[in-house]
Amino acid sequence: MSRPRPGQFVGALIGCAVADALGAPLEGWFRERIAKLPSVTDRYRPLSRGKDAVVRYPVGQYTDDTQLTVAIARSIVARGAVDGAEIADEFAALWRSGEIVGAGPVAHRAVQRLIEGVPWQDAAMPDDLPLNGAAMRIAPVGLWNCDRPDRLADDVATASVVTHRHPVAIDAAMAVATAVAHAVTASVIETPVFLDAVAASVQNPGFAGHIQRLGDWLRSAEQTALEAIADTGQRRGDRGFGIPALAEPTVLAALYAFLRSPGDYVATIDCALRIGGDVDTIAAIAGALSGAHNGVDAIPGHLVRGVKDSAEIMDLGRRLFARRFDT
């Protein structure tokens, strides 16, 4: 284990934002449709949302994946700890302002309850859907506790239950946080060691077994591997292939994309974006992992400069590192 560099904290946050912004216009596309694009990582595409695509965003716009990741990082810098009340306040501010982009239904229901005055510990419903909203934003918690594994589980639970209390959703967040902590401290990613650490972090034995099976899936044909990953969730019928917004297959797909090319940010994001389905979230998680491991210099400069709020996000990464290691 080695001490992280500031550029790795910066890389994790901006790597998430870049991948999210690249994937946002492709969200919900089937794999077959994305395959027709000559490139998915060369530039940002226009993003429109809402009924009849009436809301048009500037090129380089990211979604709630990055917005909530940044919110958690900002709250940690402010408090010097993972504080559920502070995180809840950050989330509620995004909803009140109308800035939130593409929030999932589980998060939306929980934050509306926060705004109504429900305490942050009680806003999420334990029987709600096991979606990927906690996992997609958890990278700052993995960075914060990268050398403190004894604190990781409690902090992941705190950051997750603000909106997601389903055990699989929390397991998925724990898997990503553990993966980020490993990626930012390991000089070389050894797949068996990486998978052992991530699998050991989750409570559900079936989920842990699927994480371990990634070693076999990485040696399989890509389509075979992705179909197996999709089968851990709910398939969408026969209209086309894509990973849904469920926590387990999303995280497995992101880990798969990262482990195929752990030293190459662009190759990782290209793989993640071409999987199909909830590709902005898959790519955001994979981008945080790759950025954490390889640092900000591994991300193409024109993509870093072109993503929304680039300077602010990079500064936040530096401040998160300084808050953790320089104080």
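As a starting point, this report considers the structure included with it. Numbers given for residues are sequential positions, taken from 1 along each chain in its written order. pLDDT decides what is reported in this predicted model: residues at 70 or higher carry local features, side-chain atom pairs at 80 or more are listed and counted, and totals for whole chains, interfaces and linings draw on all residues regardless. To get the side-chain values, take all heavy atoms of the structure and skip hydrogens and water.

## Quick word on the side chain of His-293
Defined as follows: Each helix corresponds to a stretch of at least 4 residues labelled H or I by DSSP, and each strand to a stretch of at least 2 residues labelled E; elements are numbered beginning at the N terminus. Relative accessible area decides the class of each residue, using a 1.4 Å probe on protein chains only: under 20% of the type maximum gives buried, over 50% gives exposed, and in between gives partly exposed. Whether two residues are in contact is decided by their heavy atoms: any pair within 4.5 Å suffices.
Positionally, His-293 belongs in helix H14 (residues 279–294). Take His-293: its relative accessible area is 12%, and that puts it in the buried class. The contacts of His-293, once residues within four sequence positions are left out, are Gln-8, Ala-183, Ala-186, Ser-187, Val-188, Ile-189, Phe-258 and Pro-262.

## As for the pattern of salt bridges
Selection rule: Salt-bridge detection follows one rule: a side-chain nitrogen of Lys or Arg within 4 Å of a carboxyl oxygen of Asp or Glu.
Under the counting rule described, the total for this entry stands at eleven salt bridges. Among the salt bridges present, the one from Asp-326 reaches Arg-3, with a minimum N-O distance of 3.6 Å. Of this pair, Asp-326 sits in the segment after helix H16 (310–325) while Arg-3 sits in the segment before helix H1 (6–23), and the two are 323 residues apart along the sequence. Accessibility classification places Asp-326 together with Arg-3 in one group, the exposed group. Where Arg-319 meets Asp-315, a salt bridge forms, and the shortest distance between an N and an O atom there is 3.0 Å. Here Asp-315 and Arg-319 lie together in helix H16, a separation of four residues that amounts to about one turn. With relative accessibility at 33%, the residue Asp-315 sits in the partly exposed group.

## Quick notes on empty space enclosed by the protein
Using the following cut-off: Site definitions follow a grid-based scheme: protein atoms alone, a 1 Å grid, a 1.4 Å probe that fits but cannot get out for cavities, and for pockets an open set with protein on both sides within 12 Å along at least five of seven lines, plus lining residues having an atom within 4 Å of a point. Grid points are joined across faces, edges and corners, and a volume is the space filled by probe spheres set on the points. Under the grouping applied here, Gly and all other residues not named as nonpolar or charged are polar, the nonpolar ones being Ala, Val, Leu, Ile, Met, Phe, Trp, Tyr, Cys and Pro and the charged ones Asp, Glu, Lys and Arg.
Tallying each qualifying case throughout the model produces two cavities of 30 Å³ or more. What lines the largest cavity is simply Cys-16, Thr-69, Ala-135, Met-136, Ile-138, Ala-139, Val-176, Ala-284, Ile-285 and Ala-288. Considering each element in turn, the lining of the largest cavity owes the most residues, three residues, to H14. Residue composition of the lining of the largest cavity, by class: nine nonpolar, one polar and no charged.

## Brief notes about the packing of helix H7 (residues 149–161) against helix H8 (residues 167–185)
Pairs of packed helices are described in terms of their axes, by the angle between the two and the distance that separates them. For clarity, the cut-off: Every angle, taken between N-to-C directions, lies between 0 and 180 degrees, and every axis is a line fitted to C-alpha atoms, over only the stretch in contact when it is a helix. Note that the term roughly parallel is reserved for angles under 35 degrees, roughly antiparallel for angles over 145, roughly perpendicular for angles of 65 to 115, and oblique for everything else. Crossing handedness is defined as follows: a turn of the near helix away from the far one that is anticlockwise and smaller than a right angle gives a left-handed crossing, while the clockwise case is right-handed.
Two numbers describe how H7 lies on H8: the axes approach to 9 Å, and their chain directions differ by 130°. Overall, the two elements H7 and H8 adopt an arrangement that is oblique. The element H7 and its partner H8 pack so that their crossing is right-handed. Residues Leu-152, Ala-153, Val-156, Ser-160 and Val-161 of H7 form the contact with H8, whose own contacting residues are Ile-170, Ala-173, Met-174, Ala-177 and Thr-178. Along the lines of polarity and charge, the residues of the contact of H7 with H8 split into eight nonpolar, two polar and no charged.

So, to be careful, I would describe these as geometric facts and stop short of saying anything about function.
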